Amino acid sequence: MSARRAAGRLSIAPSLAPRDIAAPKPQARAWQARVITLFPEAFPGVLGHSLTGRALAEGLWGLEAIDLRPFGIGKHRNVDDTPAGGGAGMVLRADVLGRAITGAQRGAADWPLVCLSPRGRPFAQSLARDWATGPGVVMICGRFEGVDQRVIDHFGIAEVSLGDFVLTGGEIAAQAMIDATVRLLPDVIGNADSLAEESFSQGLLEHPHYTRPAEWEGHSIPSVLMSGNHAEIARWRQAQAEMLTRRRRPDLWAAWQDADAPE
Ligand code: SAH
């Protein structure tokens with residue numbers, strides 16, 4: 001097992017068995033994601049690669065995938081049951097989730113507690129920014145029809161959605177949100193300018209990018225980008241960003257204009 005993989009495979013078992021001591025220790029107070037899931041082996045997944053993977057291996061952030069299964073009931077460690085009132089599918093049990101959440105919140109009582117759900121508040125860059133300024137986040141990945149409502153009410157869990165579509169489980173949504181948050185942490189992305197300029201950071205979609213070759217299949221790079229005139233280039237990029245946002249995202253465009261309007 002590589003160090004990078006080990007870093008993402010830390011887990012909290014109900015027995016509180018000692019952790020894999022070969023895993024690099026997250027730096028003191030490094031941002032942490034604790035994810036309750038029936039598929040801990042799905043983590044770190046794509047987060048173990050590239051910038052987020054390197055940062056994980058370096059201890060700039062930490063990940064604990066907490067296996068829900070050991071908290072289950074009986075010999076088969078059942079975690080779900082049929083919906084009260086009838087209907088299709090299965091629902092994750094409140095008692096099972098409750099124990100897992102209580103374990104995950106140890107030393108993390110004041111971290112955001114989030115359940116991935118298509119019914120939730122739509123995830124956005126602003127939420128990633130909020131989370132990145134805190135100590136970490138505890139996430140619950142639903143499966144089947146979802147989770148018993150009482151657990152959401154009891155713990156005051158915030159439901160957050162990746163978008164208006166239905167996934168089979170919360171794991172992909174959790175990884176997407178963790179990725180968006182981790183790349184905002186100090187030192188994860190070497191070039192801080194790239195964070196300042198990208199989509200949503202100013203409330204606009206980003207301008208288009210080009211690179212070599214200068215000529216490809218009869219298409220050339222817009223000449224202004226080859227001019228070396230930095231002021232012109234900045235003006236062109238800003239105009240492109242505004243045009244793209246106006247055309248593709250009237251909602252963002254309206255918000256940007258409001259924010260920009262003189263008092
Ligand atoms: N019956 C539910 C969907 C369950 S999908 C409904 O109609 O609302 C199973 C699990 O996948 C959910 O509990 C949730 O954790 C996850 N999931 C599905 N779609 C999601 C989305 N758009 N965003 C975040 N999580 C999602």
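Residues numbered from 1 in each chain as written. Predicted model: local features only at pLDDT ≥ 70, side-chain atom pairs only at ≥ 80, totals over all residues.

1. What to know about the overall build of the chain
Then comes step 1: The secondary structure content of the chain amounts to nine helices and nine strands.
Then comes step 2: A total of 263 residues make up the chain; the buried ones form 30% of that total.
Then comes step 3: Taking all contacts inside the chain whose residues are at least 6 apart in sequence as the whole, residues at least 24 apart take part in 75%. (Helix = DSSP H or I, 4+ residues; strand = E, 2+ residues; numbered from the N terminus. Buried ≥ 20, exposed ≤ 12 C-beta atoms within 10 Å, placed from the backbone. Contact = placed C-beta atoms within 7 Å.)

2. Some remarks on the nonpolar core
Then comes step 1: Formed by 45 residues in total, the largest nonpolar core has its most connected members in Val-35, Ile-36, Ala-100, Val-114, Leu-116, Met-139 and Ile-140.
Then comes step 2: Ala-100 has contacts with Ile-36, Ile-66, Leu-68 and Phe-71, leaving out every residue within four places of it along the chain. (Core = buried A, V, L, I, M, F, W, Y, C linked by C-beta atoms within 7 Å.)

3. Some words on the site of the ligand
Then comes step 1: For the ligand, the set of nearby residues contains 19 residues, the closest of which are Leu-116, Gly-142, Leu-162, Gly-170 and Ala-173.
Then comes step 2: Along the lines of polarity and charge, the residues of the shell around the ligand split into eight nonpolar, eight polar and three charged. (Near = placed C-beta within 6 Å. Nonpolar A, V, L, I, M, F, W, Y, C, P; charged D, E, K, R; others polar.)

4. Topic: the pairing of strand 6 (residues 136–140)
Then comes step 1: Counting buried positions along strand 6 gives five out of five residues, so the element sits mostly inside the fold.
Then comes step 2: Taking every second residue as pointing to the same face, both faces of strand 6 are buried, with Gly-136, Val-138 and Ile-140 on one and Val-137 and Met-139 on the other.
Then comes step 3: Pairing of strand 5 (residues 113–122) with strand 6, which is carried by three bridges, proceeds in the parallel orientation. Opposite Cys-115, over in strand 6, you have Ile-140 as the bridge partner. (Pairing = 2+ DSSP bridges.)

5. Overview of the sheet that holds strand 5
Then comes step 1: Read from one edge of the open sheet, five strands run 2-1-6-5-7, paired in parallel fashion. One side of each edge strand has no neighbouring strand; the edge strands of this open sheet are strand 2 (61–67) and strand 7 (158–161). On average, adjacent strands in this sheet sit at an angle of 35 degrees to one another, irrespective of strand direction.
Then comes step 2: Sheet topology places strand 1 (residues 31–37) next to strand 6; five bridges connect them, and they run parallel. Within strand 6, the residue paired with Gln-32 across the bridge is Gly-136.
Then comes step 3: Of the strands in this sheet, strand 1, strand 2, strand 5, strand 6 and strand 7 touch helix 6 (residues 171–182), which is tilted by about 175 degrees from strand 1. (Axes fitted to C-alpha atoms, helices over the stretch in contact; angles between N-to-C directions.)

6. Quick look at the pairing of strand 5
Every other side chain in a regular strand lies on the same face of the sheet, so the side chains alternate between the two faces.
Then comes step 1: With five bridges connecting them, strand 5 and strand 7 associate as parallel partners. Across the sheet, residue Leu-116 finds its bridge partner in strand 7, namely Val-160.

7. Focus on unusual backbone geometry
Then comes step 1: Geometrically, the link from Phe-43 to Pro-44 is a cis peptide bond, its omega value of 0 degrees lying close to zero.
Then comes step 2: Inspection of the secondary structure puts Pro-44 in the loop between strand 1 and helix 2 (50–57).
Then comes step 3: In this model, Arg-212 is joined to Pro-213 through a cis peptide bond whose omega is 5 degrees.
Then comes step 4: The backbone phi angle of Arg-77 is positive, close to 50 degrees, even though this residue is not glycine.
Then comes step 5: Inspection of the secondary structure puts Arg-77 in the loop between strand 2 and strand 3 (80–81).

8. A few points about the packing of helix 4 (residues 125–133) against helix 6
Then comes step 1: Where helix 4 contacts helix 6, the two axes come as close as 8 Å, and the packing angle between them is 65 degrees. Classified by the interaxial angle, the pair formed by helix 4 and helix 6 is roughly perpendicular. Read as a crossing pair, helix 4 and helix 6 show a hand that is right-handed. From helix 4, Ala-128, Trp-131 and Ala-132 reach across to helix 6, where they touch Met-177, Ala-180 and Thr-181.
Then comes step 2: Grouping the constituent residues of the contact of helix 4 with helix 6 by class yields five nonpolar, one polar and no charged. (Parallel < 35°, antiparallel > 145°, perpendicular 65-115°, else oblique. Left-handed = near helix turned anticlockwise from the far one by under 90°.)

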